[in-house]
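# Chains, contacts and geometry: an overview
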Amino acid sequence: MNYTRLGTAKEQDRNSIFYNPGDLAWLGSNRIAMSESRIEPGEIATFTFRSVAPYTTDIFREFFQPITENVGWMTAKESTFYVDVSIGEPGYEYDKAVFYLGKSGQASMIDTTQPITINVDISEQKMIIKIGDFVVREYLVSTGTFKTPTPIGKFKILNKQELRIAGAYPHYRMPKWQGFTKWGHGLHALPYLANDRGTFWNEALTHIGQRVSHGCIRLLPEDAGELYQLTDVGVEVNIQA
């Protein structure tokens, strides 16, 4: 029989800071047992557990994902969630720091006085967001083709729009736009057309991680939305080949 558990995530199978060896629901420092002995298809499983938090003023965040032993992790974004536990009276700076925390850890790991930078590696089609030297997010992206390349160098976010519509035909619609050059390059969610009924959007999903744009940097819709919340005009954008 293959049992479904709740496993620690981001990083997967990390030793949880909330591990409580006195609670039988914890099968180890990285696994929690399902409350039911069995569920049928369409039913809802529950996981009930007690945790032990450190006696330290901080905000702790733990990510979890379901895993079916000997089968694999359920890695869909909607199946991943986190729990925040606030200890003591952390204050505003801790609240601000935990907003940026994209993996399991604690707010005190992030120094919010440090600048945010967006770093794009074209060779890997990857974007890394940092606060100081601390990595808070990593995204897969699509950059420009060899004929219409994404510019290399250091730039800044110049403007932001919830939706930008290209002036030239066929007037691509680009949600969560963040322009970074005066020539019209920007970071944005996958583009679509006003009358394509999602066809172009769905096609673009299969192109993520490839050089397919006209020079802009495309992100998956949920990643673009998250990035839009994390950044402000003036944030540095570093692009390397």
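Here is a short report on the structure shown in this document. All values reported here derive from a predicted model rather than from experimental measurement. Counting of residues starts from 1 at the beginning of each chain's written sequence and follows it residue by residue. Residues qualify for local features only when their pLDDT is at least 70, as the model is predicted, and side-chain atom pairs are given and counted only at 80 or more; totals for whole chains, interfaces and linings, by contrast, use all residues. The basis for the side-chain values is all heavy atoms of the structure; hydrogens and waters are excluded.

## Observations concerning the environment of Asp133
Our working rule: The way it works is that DSSP assigns letters per residue, a run of H or I at least four long becomes a helix, a run of E at least two long becomes a strand, and they are numbered from the N terminus. When accessible area is computed with a 1.4 Å probe and restricted to protein chains, residues below 20% of their type maximum are described as buried, those above 50% as exposed, and intermediate ones as partly exposed.
Of note, Asp133 is situated in the loop between β9 (126–131) and β10 (134–142). Taking relative accessible area as the criterion, Asp133 reaches 76% and is therefore assigned exposed. Sequence spacing of Asp133 and Asp13 is 120 residues, and the spatial spacing of their C-alpha atoms is 24 Å.

## Description of helix α1 (residues 92–100)
Our working rule: The arc refers to the directions leading from the helix axis to the C-beta atoms. The contact definition used throughout considers only heavy atoms, calling two residues in contact when any of these lie within 4.5 Å.
Those residues of α1 that fall on the buried side of the exposure criterion are Ala97, Val98 and Tyr100. Down the axis of α1, the smallest arc covering the buried residues is 150°, so these residues share one side. Looking at the buried side of α1, the elements it contacts are β4 (58–68), β6 (81–87), β8 (116–121), β9, β10 and α3 (221–230).

## Some thoughts on α3
In an α-helix, one turn spans 3.6 residues; hence positions three or four apart end up facing the same way. All buried positions along α3 are accounted for by Asp223, Ala224, Leu227, Tyr228 and Leu230. Summarising the axial view, the buried residues of α3 lie within an arc of 160°, below the 170-degree limit, and thus occupy one face.

## Regarding the nonpolar core
Stated formally: Definition used in this section: a nonpolar core is a set of buried Ala, Val, Leu, Ile, Met, Phe, Trp, Tyr and Cys residues joined via side-chain atoms within 4.5 Å.
By size, the foremost hydrophobic cluster in this structure holds 31 residues, and its most contacted members are Ile118, Met127 and Leu187. Mapped by element, the contributors of at least two residues to this core are α1, β8, β9, β10, β14 (186–189), β15 (217–219), α3 and β16 (236–240). It is β10 that provides the largest number of residues to this core, a total of four residues. In contact with Ile118, other than residues within four places in its own chain, are Met127, Ile128, Ile129, Ile157, Leu187, Leu227, Thr231, Val235, Glu236, Val237 and Asn238. Leu6, Ile32, Phe60 and Phe64 belong to the second largest nonpolar core, which has seven residues in total.

## As for the side chain of Gln178
Which entries qualify depends on this criterion: Any pair of N or O atoms that falls within 3.5 Å is considered a polar contact. Within protein, one atom must be able to donate a hydrogen and the other to accept it, and sequence-neighbouring residues count only if both atoms are side-chain atoms.
Its location among the elements puts Gln178 in strand β13 (residues 173–179). Separated by 2.6 Å, the side chains of Gln178 and Thr231 make a polar contact. Those residues within four positions of Gln178 in sequence are excluded, and the remaining contacts are Ile157, Asn159, Lys160, His185, Gly186, Leu187, Leu227, Tyr228 and Thr231.

## Comments concerning unusual backbone geometry
In this chain, Lys10 is followed by Glu11 through a cis amide linkage whose omega measures 15°. Each neighbour pair has its own omega, and for Tyr169 with Pro170 the value is 10°, a cis peptide bond. For Pro170, the position within the fold is in the loop between β12 (159–165) and β13. Even without being a glycine, Lys176 presents a positive backbone phi close to 55°. Note that Lys176 resides in strand β13. Here Lys176 falls in the partly exposed class, since its relative accessible area comes to 25%.

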